[in-house]
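Residue strings, one per chain:
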Amino acid sequence: MKKAIIVLFWLGVWQAAAVWADNPVLLAGPVQVLLAFAENLLRPDFFLIIFHSLAGIGLGFFLALFAGLLLGAAGFRLSWVEELFAPVMAVLTSVPVASFVVLLLIWFGAGKLSFLISYLIVFPNVYVNTVAGLKGTDGKLLEMARVFGMSRGRKIFYIYRPALMPHLGSCLKISLGMSWKSGVAAEIIGLAELSLGERLYMAKIYLDTAGLFAWTVTIVLVSFLFEKAVLWLFRKFAQWRPYPVCGLRERSCEDPEEKKEAQGRIRLQHIDKAYDGQPVLRDFSLTMEAGGRYLLMAPSGAGKTTLLKILTGLEQADRGEAAGMAGRIGMVFQEDRLCEEYDAVCNILLGMKTGGKKGAPPNGFTGMARRQQAAYVRQQAAEILPEDCLTNPVKNLSGGMRRRVALLRALLSDADVLVLDEPFTGLDEETRVRCAGFLMDNLQGRTLVMSTHREEDADLLQAVRVVLGDFMGAAKAKAQI
């Protein structure tokens, strides 16, 4: 009602101004414009005119969107592509549209003018925002994807896509309006046949102010509907959060002893690591047997996280060798490193092996439908997480719940080696004990390497203590059972 009153008020102001001017050439009133619009609707070529303009501007917009995304992705991946196209983008964003219109009119004629102008207006915006969005991707999530062996398709859809959506959304809102304004302006200059721009120009020639307003209203309506349709499709795509297709190993077929045989010893030999000249690890050596449980124990800042990163390949030692990390790794990082926009079930599934083609399960895995996968994960996760939080985006969960999601992602990933960096941080004592029990139930012969500063964790997990002692700024290992 409020909006209707506001619209009626300004229509009244418009009508009063038209009556005061008393000259339909200078200013046509809303009633005259409405009659002219109705007259246009009865034209046999009215919808053909709209179609021609919509086809030219729309095609230029969508091709620019596709090309901008594609080239922007290439510019993000390859620095030389970004450097090569930097001058092109500077020219496209600084040269006046009128200059492009005249040049393109000379080169290609009036028929393709709206298409080309729409393309040139939208393309640089999409390109620049694509590069910026992809560069803003969380590097810690990409490290997580690397450790879990996430496929390129998963990384694009579940990590890069959410980072890109805010930039692309802002870009589309600006580009949609600009493409229509510049496209119609190009039609006016080029006098493209059967176009909205041509109708505006002819109304000006015949001093048909009411017709000019009527065609302007038509342009506003068509561009408004086009914008709403495109943004609706964009929102649907941005809100689309399907679960990844995974392969799940049948648990009944798992033999802990077979798992141990498939794994080898993990050896850290004479590891040195320093940051800015300050030693963190010096001459660190440790051998871990397949299927063993090892707890790295030390106060915060003693090098536990650094050691785990070297073990998983996220960091390179300054000297020494880390060997024997064969097979898949499941990791809980010092931070949760979850995909914020997706729910707990989706985050857990992202840690699992990508499903194979139908009828050809990968590496002995049994392919399952998405519904079955989700049901399986919910059943397992319900042991340490409330069921009502499993389908909520993880950004809405508490710190303790998020930590348990990260633990579940590692445990249910069917990894051969579990690397857990203080996985019980932020959990109360009761939840800590329950999670430790769940961890023990789901080890199934896998090697466990976990960092902690609590003696109680070693008792809960019946693990070998590896104490990192500080000696002149260097960490050394002492194994205690």
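Computed from a predicted structure; not experimentally measured.

Colleague: Break down the overall build of the protein chain for me, citing the residues and quoting the values.
Modeller: Helices and strands together make up the secondary structure of the protein chain, namely 17 helices and eleven strands. On C-alpha atoms alone, the protein chain measures out to a radius of gyration of 32 Å, which is more than a quarter above the 23 Å that the 2.2 N^0.38 rule sets for 481 residues. On the principal axes, the C-alpha backbone points of the protein chain span a range of 100 × 45 × 45 Å. Looking at the protein chain as a whole, 46% of its 481 residues qualify as buried.

Colleague: Report on the environment of Trp232, specifying residues and quantitative values.
Modeller: Mapping Trp232 onto the fold places it in helix H10 (residues 209-239). Sequence separation between Trp232 and Val102 is 130 residues, and the spatial gap between their C-alpha atoms is 34 Å.

Colleague: Provide a residue-level description of the packing of aromatic side chains, including the pertinent values.
Modeller: One pass over the structure, following the stated rule, counts 16 aromatic pairs. Put simply, the rings of Phe157, Tyr158, Phe237, Trp240 and Tyr342 touch in pairs and so form one group of aromatic residues. Lying across the ring of Phe157, Arg161 places its NZ or CZ 4.0 Å from the centre. When the ring centre of Phe237 is taken as reference, the NZ or CZ atom of Arg161 above it lies at 5.1 Å.

Colleague: Please set out the side chain of Arg465 residue by residue, giving values where relevant.
Modeller: Counting through the fold element by element, Arg465 comes out in strand E10 (residues 464-471). There is a polar contact of 2.9 Å between the side chain of Arg465 and the side chain of Asp459.

Colleague: How would you sum up the pattern of salt bridges? Please name residues and give values.
Modeller: Scanning the entire structure with this criterion turns up 21 salt bridges. A salt bridge links Arg337 to Glu143; the shortest N-O distance between them is 2.8 Å. Here Arg337 is found in the loop between strand E6 (329-332) and helix H13 (344-350), whereas its partner Glu143 is found in helix H7 (residues 139-147), with 194 residues between them in sequence. For Arg265, the salt bridge identified is with Glu289, shortest N-O distance 3.0 Å. A residue pair is termed long-range when its members are at least 10 positions apart, and Arg265 in the loop between helix H11 (256-262) and strand E2 (266-275) and Glu289 in the loop between strand E3 (278-288) and strand E4 (293-297) qualify at 24 residues. Among the residues examined, Arg265 registers a relative accessible area of 47% and is labelled partly exposed. The class for Glu289 is partly exposed, based on a relative accessible area of 36%. Where salt bridges share partners, they join Lys140, Glu143, Glu335 and Arg337 into one cluster.

Colleague: Tell me about a positive patch on the surface, residues and numbers included.
Modeller: Where like charges cluster on the molecular surface, the positive patch consists of Lys173, Lys228, Arg235 and Lys236. In terms of residue count, the dominant contributor to the positive patch is H10 (three residues). With respect to the helices and strands, the residue Lys236 is situated in helix H10. Relative accessible area serves as the criterion here: at 44%, Lys236 is assigned to the partly exposed category.

Colleague: Go over the sheet that holds E2, please, and point to the residues and values.
Modeller: Strand order in the open sheet made by the three strands is E3-E2-E5, with antiparallel pairing throughout. Two strands bound the open sheet, and with one partner strand each, they are E3 and strand E5 (319-323). The average angle at which neighbouring strand axes cross in this sheet is 20°, direction not considered. Of the strand pairs in this sheet, E2 and E3 are connected by seven bridges, and their pairing is antiparallel. Note that in E3 the partner of Tyr275 across the bridge is Gln278.

Colleague: Break down helix H12 (residues 304-312) for me, citing the residues and quoting the values.
Modeller: Because each turn of an α-helix spans 3.6 residues, side chains separated by three or four positions end up pointing in the same direction. Here H12 lies mainly inside the structure; eight of its nine residues are buried. Among all positions of H12, only Lys304, Thr305, Thr306, Leu307, Leu308, Ile310, Leu311 and Thr312 are buried.

Colleague: Please set out the packing of helix H5 (residues 97-108) against helix H6 (residues 113-135) residue by residue, giving values where relevant.
Modeller: Packing of H5 against H6 leaves a shortest axis separation of 10 Å and a crossing angle of 140°. On the basis of the axis angle, H5 is oblique to H6. The two elements H5 and H6 cross, and the hand of that crossing is right-handed. Each of Val97, Phe100, Val101, Leu104, Leu105 and Phe108 in H5 lies in contact with H6, whose residues at this interface are Leu113, Leu116, Ile117, Leu120 and Ile121. Of the residues that constitute the contact of H5 with H6, the class distribution is eleven nonpolar, no polar and no charged.

What counts, and where the lines are drawn
- Sequence positions are assigned chain by chain, starting from 1 and proceeding in written order.
- pLDDT decides what is reported in this predicted model: residues at 70 or higher carry local features, side-chain atom pairs at 80 or more are listed and counted, and totals for whole chains, interfaces and linings draw on all residues regardless.
- Hydrogens and water molecules were not included; the side-chain quantities draw on all heavy atoms of the structure.
- Where helices and strands are cited, they refer to DSSP runs of H or I of at least four residues and of E of at least two residues respectively, numbered from the N terminus.
- Each radius of gyration reported is based on C-alpha atoms, and the globular scaling rule is 2.2 Å times the count of residues to the power 0.38.
- Burial status follows relative accessibility: with a 1.4 Å probe on protein chains alone, a residue under 20% of its type maximum counts as buried, one over 50% as exposed, and anything between as partly exposed.
- Pairing of aromatic side chains here covers Phe, Tyr and the six-membered ring of Trp, requires ring centres within 6.5 Å, and sorts the geometry by plane angle: under 30 degrees stacked, over 60 edge-to-face, intermediate tilted.
- A ring is scored as having a charge over it whenever the NZ atom of a lysine or the CZ atom of an arginine sits within 6 Å of its centre and within 35 degrees of its normal.
- Polar contacts, as used here, are pairs of N or O atoms within 3.5 Å; protein pairs need one atom able to donate a hydrogen and one able to accept it. Residues neighboring in sequence count only if both atoms are side-chain atoms.
- Salt bridges are defined by distance alone: a side-chain nitrogen of Lys or Arg within 4 Å of a carboxyl oxygen of Asp or Glu.
- Think of a patch as exposed residues, more than 30% relative accessible area, with no salt bridge, where like charges cluster within 9 Å and nonpolar side chains (Val, Leu, Ile, Met, Phe, Trp, Tyr) cluster within 5 Å.
- For accessible areas, the Shrake-Rupley method is used with a probe of radius 1.4 Å. Any residue's cover is judged against the shown protein chains and nothing else.
- Charged residues are defined narrowly, with Lys and Arg counted positive, Asp and Glu counted negative, and His plus the chain ends left uncounted.
- Every charge is mapped onto a representative atom, which is NZ of Lys, CZ of Arg, CG of Asp or CD of Glu.
- At least two DSSP bridges between two strands are required for those strands to pair.
- Helix axes are fitted only over the stretch in contact, all axes being lines through C-alpha atoms; the angle between N-to-C directions runs from 0 to 180 degrees.
- By definition in this entry, angles of less than 35 degrees are roughly parallel, angles greater than 145 are roughly antiparallel, angles of 65 to 115 are roughly perpendicular, and the rest are oblique.
- By convention the crossing between two helices is left-handed if the near helix lies anticlockwise of the far one by an angle smaller than a right angle, and right-handed if it lies clockwise.
- Contact between two residues is taken to exist if any of their heavy atoms lie within 4.5 Å; hydrogens are not considered.
- When residue character is reported, Ala, Val, Leu, Ile, Met, Phe, Trp, Tyr, Cys and Pro are called nonpolar, Asp, Glu, Lys and Arg charged, and the others, Gly included, polar.

Nothing here speaks to function; it is all geometry.
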